[in-house]
Amino acid sequence: MSTPLTPDAVEAIKRHMNDDHAADALLIVRALGGKPDATSARTTDVDTEAIHFEADGEPITVKWPAPIVERAQVRKEVVVLYRRACEILGVEARGH
């Protein structure tokens, strides 16, 4: 079975998340990753079932709302996680 997330795609997603959305990753980890007091988070992996982070040296996995079937879906699902995290934490979400 082929995967929509090739190694190059995973690296690009991780780089984008870590370079441009580190604060969003931290909100997701705090609200949905069971680490409410985390002070840092970085994206370490992405697969069709979940996005993976390291938060304060601990591995954290947050499942996607829906399994990923195409690469373009990753952005949509990250936005869903981000908005849900903002809602839980009482933080105003940026417009996407």
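Residues numbered from 1 in each chain as written. Predicted model: local features only at pLDDT ≥ 70, side-chain atom pairs only at ≥ 80, totals over all residues. Heavy atoms only, no water.

Focus on the pattern of salt bridges
- For the structure on display, the rule yields five salt bridges.
- With its nearest N and O atoms 3.0 Å apart, the salt bridge here joins Lys 14 to Glu 11. With Lys 14 and Glu 11 both in helix α1 (residues 7–20) and three residues apart, this pair spans about one turn of that helix.
- Its relative accessible area of 17% is what places Lys 14 among the buried residues.
- One salt bridge in this structure joins Asp 24 and Arg 94, with 2.7 Å as the shortest N-O distance. (Salt bridge = Lys/Arg side-chain N within 4 Å of Asp/Glu carboxyl O. Helix = DSSP H or I, 4+ residues; strand = E, 2+ residues; numbered from the N terminus. Buried < 20%, exposed > 50% of the residue type's maximum accessible area, 1.4 Å probe, protein only.)

Some thoughts on the side chain of Glu 77
- On the secondary structure map, Glu 77 appears in helix α3 (residues 73–89).
- Overall, Glu 77 belongs to the buried group, its relative accessible area being 3%.
- Beyond its immediate stretch of four places on either side in the chain, Glu 77 contacts Trp 64, Pro 65, Ala 66 and Ile 68. (Contact = heavy atoms within 4.5 Å.)

Observations regarding the sheet that holds strand β2 (residues 50–55)
- In space, the three strands of this open sheet follow the order β1-β2-β3, with antiparallel pairing throughout. Edge positions in the open sheet fall to β1 (41–46) and β3 (58–63), since each of these has one partner strand only. Looking at each pair of strands side by side, their axes are set apart by 30 degrees on average, direction ignored.
- Relative to β1, α1 is tilted by about 165 degrees, and along the sheet it contacts β1 and β2.
- Strands β1, β2 and β3 of the sheet are contacted by helix α2 (residues 22–32), whose axis makes an angle of about 85 degrees with β1. (Pairing = 2+ DSSP bridges. Axes fitted to C-alpha atoms, helices over the stretch in contact; angles between N-to-C directions.)

Section: α2
- What α2 keeps buried is the set Asp 24, Ala 25, Leu 26, Leu 27, Ile 28, Val 29 and Ala 31.
- Turning to α2, the residues buried within the fold contact α1, β1, β2, β3 and α3.
- Positive phi shows up at Gly 34, right after α2, with a value of about 75 degrees.

Here we look at the layout of surface pockets
- Space inside the largest pocket adds up to approximately 230 Å³.
- Taken together, 13 residues make up the lining of the largest pocket; nearest its centre are His 16, Met 17, His 21, Arg 75 and Val 78.
- Secondary-structure elements contributing two or more residues to the lining of the largest pocket are α1 and α3.
- Ranked by the residues each element gives to the lining of the largest pocket, the list is headed by α3, at five residues.
- Along the lines of polarity and charge, the residues of the lining of the largest pocket split into seven nonpolar, three polar and three charged. (1 Å grid on protein atoms, 1.4 Å probe; cavity = no way out; pocket = protein on both sides within 12 Å on 5 of 7 lines; lining within 4 Å. Points joined across faces, edges and corners; volume = space filled by probe spheres on them. Nonpolar A, V, L, I, M, F, W, Y, C, P; charged D, E, K, R; others polar.)

With respect to the nonpolar core
- Counting 26 residues, the largest nonpolar core has Ile 51, Phe 53 and Trp 64 as the members making the most contacts within it.
- When contributions to this core are tallied by element, the ones reaching two or more residues are α1, α2, β1, β2, β3 and α3.
- Ignoring any residue separated from it by four or fewer positions in sequence, one finds Trp 64 in contact with Val 46, Asp 47, Thr 48, Glu 49, Ala 50, Ile 51, Val 74, Glu 77, Val 78 and Leu 81. (Core = buried A, V, L, I, M, F, W, Y, C linked by side-chain atoms within 4.5 Å.)

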